[in-house]
Amino acid sequence: MFEQVLAFITPHLQLIMASLLLLAVFLELVHIGQVRRIHKKINYAGRCLQKYLDTVFYEEEGQEDPPAQENLLQDTREALEKRDGQKEEQTVVQVDASKILKSRQEENMRVSLAHKKLQRDGELLDTVLQEIFD
């Protein structure tokens, strides 16, 4: 039985090896494409998160917009333009970070950060007063 299978496979061995090799190459190319697509999405999400956090923290401190924000906006515009080249029905919309409506999450985050800051200041004042009177 085993000899019959070997006799049948032996003449076609090179064809089987070549087809398996081509299948492996095809699967690797698909894998590379998926990793590239996921990497682009993660980079875009990271830039958006960085822009959001810069907006939250710089507005809280009362400073001007961060200098890197213009670079982030430019990167976002470039990413959107590349994506629009692939999907023509989408339009590029430039959003100014100072005009973004504050979401409920952002307000809750600001309140919790302010509360933590006040709590830290109170603890610092308590330790200073305790050191003075000891």
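Residues numbered from 1 in each chain as written. Predicted model: local features only at pLDDT ≥ 70, side-chain atom pairs only at ≥ 80, totals over all residues. Heavy atoms only, no water.

Draft legend 1. Spatial organisation of the overall build of the protein. Helices and strands together make up the secondary structure of the protein, namely four helices and zero strands. Taken from N to C terminus, the helices and strands of the protein fall in the order α-α-α-α. Here the protein, with 134 residues, has 10% of them falling under the buried criterion. At a minimum sequence separation of 6, the contacts of the protein that also span at least 24 residues come to 54%. Of the roughly 11,800 Å² of accessible surface on the protein, a fraction of 61% belongs to carbon and sulfur atoms. (Helix = DSSP H or I, 4+ residues; strand = E, 2+ residues; numbered from the N terminus. Buried < 20%, exposed > 50% of the residue type's maximum accessible area, 1.4 Å probe, protein only. Contact = heavy atoms within 4.5 Å. Areas by Shrake-Rupley, 256 points an atom, 1.4 Å probe, with all protein chains shown as cover.)

Draft legend 2. Local environment of the confidence of the model for the protein. Averaged over all residues, the pLDDT of the protein is 77; the fraction at 70 or higher stands at 66%. Averaged pLDDT values over the elements of the protein bottom out at 63 in helix α3 (residues 69-86) and peak at 89 in helix α2 (residues 13-61). (pLDDT = per-residue confidence, 0-100.)

Draft legend 3. Focus on the side chain of Thr-55. Inspection of the secondary structure puts Thr-55 in helix α2. A polar contact of 2.8 Å, which involves the side chain of Thr-55, links it to the backbone oxygen of Lys-51. (Polar contact = N/O pair within 3.5 Å; in protein donor to acceptor, adjacent residues only side chain to side chain.)

Draft legend 4. How the structure looks around a nonpolar patch on the surface. A contiguous nonpolar surface patch, about 1,200 Å² in accessible area, is contributed by Met-1, Val-5, Phe-8, Ile-9, Leu-13, Ile-16, Met-17, Leu-20, Leu-23, Phe-26, Leu-27 and Val-30. Secondary-structure elements contributing two or more residues to the nonpolar patch are α1 (2-9) and α2. Sorting elements by how many residues they give to the nonpolar patch places α2 first, with eight residues. Within the fold, Ile-9 resides in helix α1. On the accessibility criterion, Ile-9 (34% relative accessible area) is partly exposed. (Patch = residues over 30% accessible without salt bridge, like charges linked within 9 Å, V, L, I, M, F, W, Y side chains within 5 Å. Salt bridge = Lys/Arg side-chain N within 4 Å of Asp/Glu carboxyl O.)

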